[in-house]
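# Summary of structural features
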Amino acid sequence: MNEFVTESYYFPFLSLAKMVKKDEFLKQNEHQESNNKQVSRSDFPPDFIFGVATSAYQIEGACKEGGRGASIWDAFSHTEGKIIDKSNGDVAVDHYHRYKEDIDLIAKLGFDGYRFSISWSRIFPDGLGTKVNEEGITFYNNIIDALLEKGITPYITLYHWDLPLHLHDKMGGWVNKEIVKYFAIYADTCFSCFGDRVKKWITINEPLQTAVNGYDTGIFAPGRRQHSSTEPYLAAHHQILAHATAFSIYQSKYKDKQGGKVGLVVDCEWAEANSDKIEDLSAAARRLDFQLGWYLHPIYYGEYPEVMRKRLGDRLPEFTQEEKELLKHAVDFVGLNQYTSRFIAHATSPEEGDYYKSQEMERIVEWEGGEIIGEKAASEWLYVVPWGIRKVLNYISKTYNNPPIFVTENDNDTSPLHEMLDDKLRVRYFKEYLAAVSRAIKDGADVRGYFAWSLLDNFEWAQGYTKRFGLVYVDYKNGLARHPKSSAYWFLRLIERPVKIRMAKKSN
Ligand code: GBH
């Protein structure tokens, strides 16, 4: 069958927006955004969670303290030429020693939830799961208790890219199926130690980025590109199985007692077809399957998307019957990290790596006439496209049977010096993206919460400390002092009312 025909089930949805000409389309979207300058808490359901997110390697530091073992990011960041400013996360923003101050800040800014990740090698220094490092357990117990004391709900990510180095050196990390077993022991340990107080778990953050940047383009740890046509698909496969195994352990051992929920975080740039041509519509549909379908199709439909199976052939591993059973509906919620969007055209990929080449598409920022998809943030890849988040949310809800969704990351980074503290562009970004999220809820998507990325300026992976995603500015030259930016105060005002209600309830 012709590929365009097999992919056509997406067309009605994708082409809705493309009934108008490009420039009209952009104007229409901009107009919609500006209609809703005054987004407020009442635009969201009463129990909607507003939170803020971080990850362990990006903020903790204390890389050799508390019995922590090395991770692949320690090794990678200390490798010449990998990090743009030659920095690393050895100290990061010293959250390990300042967690109390940081949790006070989260409370003062009025957030209901805090999403953070556990460093696997603080719990099992060599990753093997033979001996728990009690100091690591104590550190996260302290964080959880401090959060609960302030009425902040913890959302824990088990894996945000910092694989214990030993697991990589000894057995190849995510490309070896054995990793599933070690991840299961680690997840089980975390559920058992923290699950009496933690009710929201995320197994893995953005498995796509680990697969593609870790094993194909090599710009992230472990920086592999030697077997780019097979390793990314293996790394993805084993992450999916690791997720599903952890999910199933929670169901059988903890769910009844603890009553929590377990989800997976995926990331997606919205793919807007660059024209109404069938090739472009098809390329945009493909692009979504290569991002979301890669991880969500196995869980919802038991297999990788057809377009991936056809294009990748035996480079794409297969699930056994038993694994398919394990995968079936193995999420309580979908976490979505959403930052930016692109126009997609059918083309030979100009980008490096097997993953991009296999998609035969080009990610376009400017239309031929020079009209840009959205304002550019400080990060090269980040264009401000509020309508994109609404489309991704609606797409997930339609394609995957309307699951509960949390927006687990969303932000742009501040750039000009004079906007470091008064980050106006970001305030506008949050306003418009949140207005778009509230519209997606009205459209019918079951969005339960929203987490801004990130609490603090921090170690932005390959970009080191050159990019600042924090709601709170960190003064790297002056003892890592914290200073909330305008965007932090903006959130405080947005969330204000329910915080008062919460406190009033408590004192009753
Ligand atoms: C998120 O990924 C991560 O979960 C979070 O840890 C991170 O801090 C945040 O984004 C902001 O980047 O070529 O070095 O410019 C979002 C997906 C994948 C977007 C990598 C940026 C290019 C990195 N990201 N991509 S680089």
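Here the residue numbering is sequential within each chain, running from 1 through the sequence in written order. In keeping with the predicted nature of the model, local features appear solely for residues at pLDDT of at least 70, side-chain atom pairs appear and are counted solely at 80 or more, and the whole-chain, interface and lining totals rest on all residues. Calculation of side-chain values draws on the structure's entire complement of heavy atoms; hydrogens and water are dropped beforehand.

### With respect to the environment of F139
Secondary structure elements follow DSSP: runs of H or I no shorter than four residues count as helices, runs of E no shorter than two count as strands, and numbering proceeds from the N terminus. Mapped onto the elements, F139 comes out in helix α8 (residues 134-149). Only protein chains enter the area calculation, which uses a 1.4 Å probe; residues under 20% of their type maximum are buried, those over 50% are exposed, and those in between are partly exposed. The class for F139 is buried, based on a relative accessible area of 4%. As a C-alpha pair, F139 and G335 span 196 residues in sequence and 25 Å in three-dimensional space. Residues count as neighbours in contact if any of their non-hydrogen atoms are within 4.5 Å of one another. Setting aside its immediate chain neighbours within four residues, F139 contacts E60, H95, Y96, Y99 and R122.

### Description of the site of the ligand
The immediate surroundings of the ligand are formed by 19 residues, with Q58, H160, E206, E460 and W461 found nearest. Within the side chain of W461, a nitrogen or oxygen atom sits 2.9 Å from an oxygen atom of the ligand. Method for areas: the Shrake-Rupley scheme with a 1.4 Å probe, in which residue coverage is limited to the protein chains shown. Relative to its unbound accessible area of 570 Å², the ligand is 86% covered by the protein chains. Tallied by class, the residues present in the shell around the ligand amount to nine nonpolar, seven polar and three charged. Nearness is judged by heavy atoms alone; a residue qualifies as near a molecule or strand once a single heavy atom is within 4 Å of it. Here a polar contact is taken to be a pair of N or O atoms separated by no more than 3.5 Å, where protein atoms must pair a possible hydrogen donor with a possible acceptor and residues adjacent in sequence count only if both atoms sit in side chains. Residues are sorted three ways: Asp, Glu, Lys and Arg are charged, Ala, Val, Leu, Ile, Met, Phe, Trp, Tyr, Cys and Pro are nonpolar, and all the rest, Gly among them, are polar.

### Observations concerning helix α17 (residues 386-399)
In this model α17 runs 21 Å from its N-terminal to its C-terminal C-alpha over 14 residues, within 8% of the 20 Å that 1.5 Å per residue would give. Taken across its 14 residues, α17 has 12 buried, putting it largely inside the fold. Burial in α17 covers these residues: P386, W387, G388, I389, K391, V392, L393, N394, Y395, I396, S397 and T399. Backbone geometry just downstream of α17 places N401 in the positive-phi region, at approximately 60°. Under the convention used throughout, the expected extent of a helix is 1.5 Å for every residue step, that is, one less than its residue count.

### A look at the packing of helix α11 (residues 207-215) against helix α12 (residues 231-258)
To obtain an axis, a line is fitted to C-alpha atoms, over the contacting stretch when the element is a helix, and the angle between two such axes runs from 0 to 180 degrees between their N-to-C directions. Two elements in contact, α11 and α12, have axes separated by 8 Å at closest approach and are oriented at 155°. Judged by the angle between their axes, α11 and α12 are roughly antiparallel. The handedness of the crossing between α11 and α12 is right-handed. Side by side, α11 and α12 meet where P207, T210, A211 and Y215 of the first sit next to E231, P232, A235, A236 and Q239 of the second. Here the residues of the contact of α11 with α12 sort into six nonpolar, two polar and one charged. Should an angle fall under 35 degrees it is taken as roughly parallel, and over 145 as roughly antiparallel, whereas 65 to 115 is taken as roughly perpendicular and any remaining angle as oblique. Two helices cross in a left-handed way if the nearer one is turned anticlockwise from the farther one by less than a right angle. They cross in a right-handed way if the turn is clockwise.

### Brief notes about the pattern of salt bridges
Between side chains of opposite charge, a pair can form as their charged atoms come close. Each reported salt bridge corresponds to a side-chain nitrogen of Lys or Arg within 4 Å of a carboxyl oxygen of Asp or Glu. Scanning all chains against the criterion turns up 34 salt bridges. If you follow the salt bridges from partner to partner, you end up with E269, R287, E351 and R363 in one network.

### Digging into the nonpolar core
Ranked by internal contacts, the top residues of the largest apolar core, which has 171 residues, are W73, W120, W174, F183, W294 and F491. Counting residues per element, this core draws most heavily on α12, at 12 residues. Leave out the neighbours within four places in its chain, and W73 touches Y57, I83, W161, D162, F220, A221, F459, W461 and A462. The criterion is simple. A nonpolar core is a set of buried Ala, Val, Leu, Ile, Met, Phe, Trp, Tyr and Cys residues joined through side-chain atoms within 4.5 Å.

### Looking at the sheet that holds strand β7 (residues 333-337)
Being paired, for any two strands, means DSSP has found at least two bridges between them. Read around the closed barrel, eight strands run β1-β2-β3-β4-β5-β7-β12-β13, paired in parallel fashion. Ignoring strand direction, the axes of neighbouring strands in this sheet form an average angle of 25°. Looking at chain direction, strand β1 (residues 49-53) and strand β13 (residues 447-453) are connected through five bridges and run parallel. What sits directly across from A53, in β13, is W453. Helix α10 (residues 179-194) contacts β3 (153-159) and β4 (200-205) of the sheet and is inclined by roughly 160° relative to β3.

### A few points about the confidence of the model for the chain
pLDDT is defined as a per-residue confidence score from the predictor, taking values between 0 and 100. The share of residues in the chain with pLDDT of 70 or more is 91%, and the mean pLDDT across the chain is 92. Taken together, the stretch residues 498-508 has pLDDT below 50 and engages in eight contacts with residues farther than four places along the chain or on a different chain.

### Considering the side chain of H160
Within the secondary structure, H160 is located in the loop between β3 and α9 (165-171). Engagement of the side chain of H160 in a polar contact is seen with the side chain of N205, the distance being 3.0 Å.

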